[in-house]
Amino acid sequence: MLKDVLLIGMNREDLTRLEDQLRDVAEVQLRTLLFDDTTNGTLRRALAETDLVVLSARSRQTHLLAAVEAQAPPTSQKPPILVCGDLNTVEATKLMVRIGVDDLLPSTPTTDELQTAVTKALRSHNENSLASRDPIMITVLGAVSDVKRDCELL
């Protein structure tokens, strides 16, 4: 089954580079979203419909992280998020913690580094969602049964 990976960034060249690096990852379908202030409306829907988000953000682009925080779906439906960027301010760190970034990569990661991070995040997310689909046993307390009568009927 194809996994939908959404690449979001403010620089077309960065997004093209990331897309080229991830093109060979098996079972991954890539989409890109060039972010600007007018894409807030499409960001919410894009985040809700993806299996993994890769953000490309430079040091002065913390408003991209803030937009993701504001538009992200509820925690139970939130896809894993990877960030490629040189974000080293306190504000950026706080935003990354709040949006639940799974991994922080350099702004220009190697192909192996990026592919490994994407594969690991998808595998981890898949294992967590499979675990949540395990059968659930519900115990009902207070139910009274006449054991003697039930045995006689057999």
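For the structure, see preceding data.
Calculation criteria
Residues numbered from 1 in each chain as written. Predicted model: local features only at pLDDT ≥ 70, side-chain atom pairs only at ≥ 80, totals over all residues. Heavy atoms only, no water. Helix = DSSP H or I, 4+ residues; strand = E, 2+ residues; numbered from the N terminus. Buried < 20%, exposed > 50% of the residue type's maximum accessible area, 1.4 Å probe, protein only. Areas by Shrake-Rupley, 256 points an atom, 1.4 Å probe, with all protein chains shown as cover. Axes fitted to C-alpha atoms, helices over the stretch in contact; angles between N-to-C directions. Parallel < 35°, antiparallel > 145°, perpendicular 65-115°, else oblique. Left-handed = near helix turned anticlockwise from the far one by under 90°. Contact = heavy atoms within 4.5 Å. Pairing = 2+ DSSP bridges. Right-handed = clockwise from strand over helix to strand, strands pointing away. Core = buried A, V, L, I, M, F, W, Y, C linked by side-chain atoms within 4.5 Å.

1. Examining the overall build of the chain
Alright, step 1. Within the chain one finds 6 helices and 5 strands.
Alright, step 2. Listed N to C, the secondary structure of the chain is β-α-β-α-β-α-β-α-β-α-α in terms of helices and strands.
Alright, step 3. Here the chain holds 154 residues, and 37% of them are scored as buried.
Alright, step 4. Working note: accessible area of the chain is about 9700 Å², and carbon and sulfur atoms make up 52% of it.

2. Things to note about the packing of helix H3 (residues 62–71) against helix H4 (residues 90–99)
Alright, step 1. As a packed pair, H3 and H4 sit with axes 9 Å apart at the nearest point and diverge in direction by 25 degrees. The angle between the axes of H3 and H4 places the two elements in the roughly parallel class. Handedness of the H3/H4 crossing: left-handed. Contact residues: H3 offers Thr62, Leu65, Ala66, Val68 and Glu69, while H4 offers Glu91, Ala92, Leu95, Met96, Arg98 and Ile99.

3. A few points about unusual backbone geometry
Alright, step 1. Not every positive phi belongs to a glycine, and Glu27 is a case in point at roughly 60 degrees.
Alright, step 2. Here Glu27 lies in the loop between helix H1 (12–22) and strand S2 (28–34).
Alright, step 3. Judged by its relative accessible area of 52%, Glu27 is exposed.

4. As for the sheet that holds S2
Alright, step 1. Spatially, 5 strands are ordered S2-S1-S3-S4-S5 in an open sheet, and the strand pairing comes out parallel. Across the chains shown, the open sheet's two edge strands, defined by having one partner strand only, are S2 and strand S5 (101–105). Neighbour-to-neighbour, the strand axes of this sheet turn through a mean angle of 20 degrees, independent of strand direction.
Alright, step 2. Here 4 bridges tie strand S4 (residues 81–84) to S5, and the two strands are oriented parallel to one another. Opposite Leu82, over in S5, you have Asp103 as the bridge partner.

5. Details of the pairing of S2
Alright, step 1. Of the strand pairs in this sheet, strand S1 (residues 3–9) and S2 are connected by 7 bridges, and their pairing is parallel. Residue Gly9 lies in a different strand from S2, and its bridge partner there is Leu34.
Alright, step 2. Handedness of the crossover joining S1 and S2 through H1 is recorded here as right-handed.

6. Concerning the nonpolar core
Alright, step 1. With 21 residues, the main nonpolar core has Ile8, Leu43, Leu55 and Leu65 as its most contacted residues.
Alright, step 2. At the level of elements, S1, helix H2 (40–48), strand S3 (52–56), H3, S4 and H4 are the ones that each hand at least two residues to this core.
Alright, step 3. For Leu65, the contacting residues outside a window of four places in its chain are Leu55, Val83, Leu87, Ala92, Leu95, Met96 and Ile99.
Alright, step 4. Formed by 17 residues, the second largest nonpolar core is a distinct cluster that contains Leu52, Leu82, Leu105 and Ala121.

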